[in-house]
Amino acid sequence: MLKQRIITAVILAPLALICILFLPLLGFELFIALVVGLGGYEWANMSSIKPRPQKAIYAFFILFCCLFLVYWVPTQNIWYQGALNSLYVYILGVAAIWWFVSLLMIIAYPRFSSIWRTSKAIRCLFGVFTLIPTFVAVVSLRSHMYDIDPLYGVSLIFYVLGIVWAADIGAFFVGVKFGRHKLRPNVSPGKTLEGLAGGIAASTAIIAFAALHYQVDPGRIWMHVLIGGLTVGVSALGDLNESMFKRCAGIKDSGKILPGHGGILDRIDSLTAAFPVFAYCYVLWMA
C-alpha cells in the first residue's frame, strides 16, 4: 500500500504542478472541469448509487455544468475591472450557505439524518452544492489579474493549498501525540480537538508568510489572518462532510481511481470546502 501511495504521488504531483503553472486559462478550466466531473462519479457512489451507468450520468451532469460555465462565462469575462462575474459570485455565495448547513448537519449527526440520508436525490443535490462551487472557486482564483501577472492566480491557489496541507500535517502529528478529545466521533472517530488546534497553529506560519509576500497593509492583517483561519477551519469541515456521507453509504473510500489513496474526493475533500469559502471571502474583502 505504501509503495502504491508513493508511486501515485510521484506521478500526480508533477502533473498537477504542470497543469497549474503552464496550462493556458481555457486549458486549466477544462482540466479542473474533468477533475470535478470524476469527483461527481465518486459522489454518486457516496450517494448510494450502485449502477455504473447512473453514476456516469451524474458525473456527466457535473461535467456539463462546468463546461456550461466555461461557455457562458468566457475566460476573458471571469473578471472585469477587478470584479468577479456576478454569476460566479452567486455560486460562491450559495456554497457559503451550503457549508454552514453542512456544519449543522455534522453537529446534529446522526439525529435528523433520516431527512436526507434515505434520499439519493438529496445527496446528489448536496454534491452539486459541493463540486460546482469548487470548480468556480479554483478557476476564479487562477484567472485573477491574469492579464497583469499570469502567476498571481497561481500564488493564490498555492496559498490555499499551503495552509490546508499545513493544517492537515499539523493536525495529524498533534492528534497522534496529544489527541484525547474526539472532534465528532459519530462522523470521523480519528479526528480530535487537539489535532484541529494543532492544524490551525501549523497553518499560521503559511498565513504569516503570505501576509509578507503580498505586502498586506498592517491595518488589514487582522482580516488576512481571519480569512486564512476561517479557510483552515472550513477545510476540516470538508473532511468531516465527506466522512459523514461515506458513513451513510457504508464505504471506506470515495473511489479507487488513485492506487493507494482511494478516490479523488478522498484527496481533495478538504479543498472542496476551503476553496469556495476562501474565494468568496477574497472576492468580498480582499480582491
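Above this text is the structure in question.
No experiment lies behind these values; they were computed from the predicted model shown.

About the thresholds
Residues take numbers from 1 onward in each chain, read along the sequence in its written order. Only residues with pLDDT of at least 70 are given local features in this predicted model, and only at 80 or more are side-chain atom pairs given and counted; all residues enter the totals for whole chains, interfaces and linings. To get the side-chain values, take all heavy atoms of the structure and skip hydrogens and water. Strands here mean DSSP runs of E at least two residues long; helices mean DSSP runs of H or I at least four residues long; both are numbered from the N terminus. A carboxyl oxygen of Asp or Glu within 4 Å of a side-chain nitrogen of Lys or Arg is what we treat as a salt bridge. Between buried and exposed lies partly exposed: a residue is buried under 20% and exposed over 50% of the maximum accessible area for its type, with that area taken using a 1.4 Å probe on protein chains only. The convention used is that axes are lines fitted to C-alpha atoms, helices contributing only their stretch in contact, and that angles between N-to-C directions extend from 0 to 180 degrees. Put simply, angles under 35 degrees are roughly parallel, angles over 145 are roughly antiparallel, angles from 65 to 115 are roughly perpendicular, and the rest are oblique. Note: crossing handedness is left-handed where the near helix turns anticlockwise from the far helix by less than a right angle, and right-handed where it turns clockwise. The contact criterion used throughout is that any non-hydrogen atoms of two residues lie within 4.5 Å. All residues other than Ala, Val, Leu, Ile, Met, Phe, Trp, Tyr, Cys, Pro, Asp, Glu, Lys and Arg, Gly among them, are scored as polar; the first ten of these are nonpolar and the last four charged. We define a nonpolar core as any set of buried Ala, Val, Leu, Ile, Met, Phe, Trp, Tyr and Cys residues linked to one another through side-chain atoms lying within 4.5 Å.

Colleague: Sorry, what's going on with the environment of Pro110 here?
Modeller: Following the sequence through the fold, Pro110 ends up in the loop between helix 4 (86-108) and helix 5 (114-117). Considered as a pair, Pro110 and Asn186 are 76 residues apart in the sequence and their alpha carbons are 7.3 Å apart.

Colleague: Teacher, can you tell me more about the pattern of salt bridges here?
Modeller: Two side chains carrying opposite charge are able to pair once their charged atoms lie near each other. One pass over the structure, following the stated rule, counts three salt bridges. A salt bridge links Glu242 to Lys246, with the nearest nitrogen and oxygen atoms 3.6 Å apart. Here Glu242 pairs with Lys246, and both are found in helix 9 (residues 221-249), just four residues apart, close to one helical turn. Comparing Glu242 with Lys246 shows no difference in burial state: the two are buried. We note a salt bridge from Asp253 to Lys252, for which the minimum N-O separation is 3.9 Å. Connected via shared salt-bridge partners are Glu242, Lys246 and Asp266.

Colleague: Would you mind going over the packing of helix 7 (residues 152-178) against helix 9 with me for this structure?
Modeller: Think of two packed helices as two axes; the pair is described by the angle between the axes and how far apart they sit. Contact pair helix 7 / helix 9: the axes reach a minimum separation of 9 Å and the direction vectors enclose 60°. Viewed along their axes, helix 7 and helix 9 adopt a mutual orientation that is oblique. For the crossing formed where helix 7 meets helix 9, the hand is right-handed. Where helix 7 abuts helix 9, its residues Tyr159, Val160, Ile163, Val164 and Ala167 lie against His224, Gly228, Thr231, Val232 and Ser235. Within the contact of helix 7 with helix 9, the residues separate by chemical class into six nonpolar, four polar and no charged.

Colleague: What is the right way to look at the nonpolar core in this model?
Modeller: As a rule of thumb, nonpolar side chains are buried together in soluble globular proteins. Judged by nonpolar contacts, the single largest core of 74 residues is most densely connected at Phe135, Leu141, Phe245 and Phe275. Those elements that place two or more of their residues in this core are helix 2 (25-46), helix 3 (52-72), helix 4, helix 6 (120-143), helix 7, helix 8 (193-213), helix 9 and helix 10 (264-286). Not counting residues within four places of it along the chain, the set of residues in contact with Leu141 comprises Gly153, Leu156, Ile157, Val160, Phe275, Phe278, Ala279 and Tyr282.

Colleague: When you look at the side chain of Glu242 in this model, what are you seeing that I'm missing?
Modeller: Taking the relative accessible area as the measure of exposure, Glu242 reaches 3% and is therefore buried. Apart from the residues within four sequence positions on either side, Glu242 is in contact with Met46, Ser254, Leu265, Asp266 and Asp269.

Colleague: Explain the side chain of Ser243 here, please?
Modeller: Topologically, Ser243 is positioned in helix 9. With relative accessibility at 14%, the residue Ser243 sits in the buried group. Ignoring sequence-local partners within four residues, the contact set of Ser243 consists of Val187 and Ser188.

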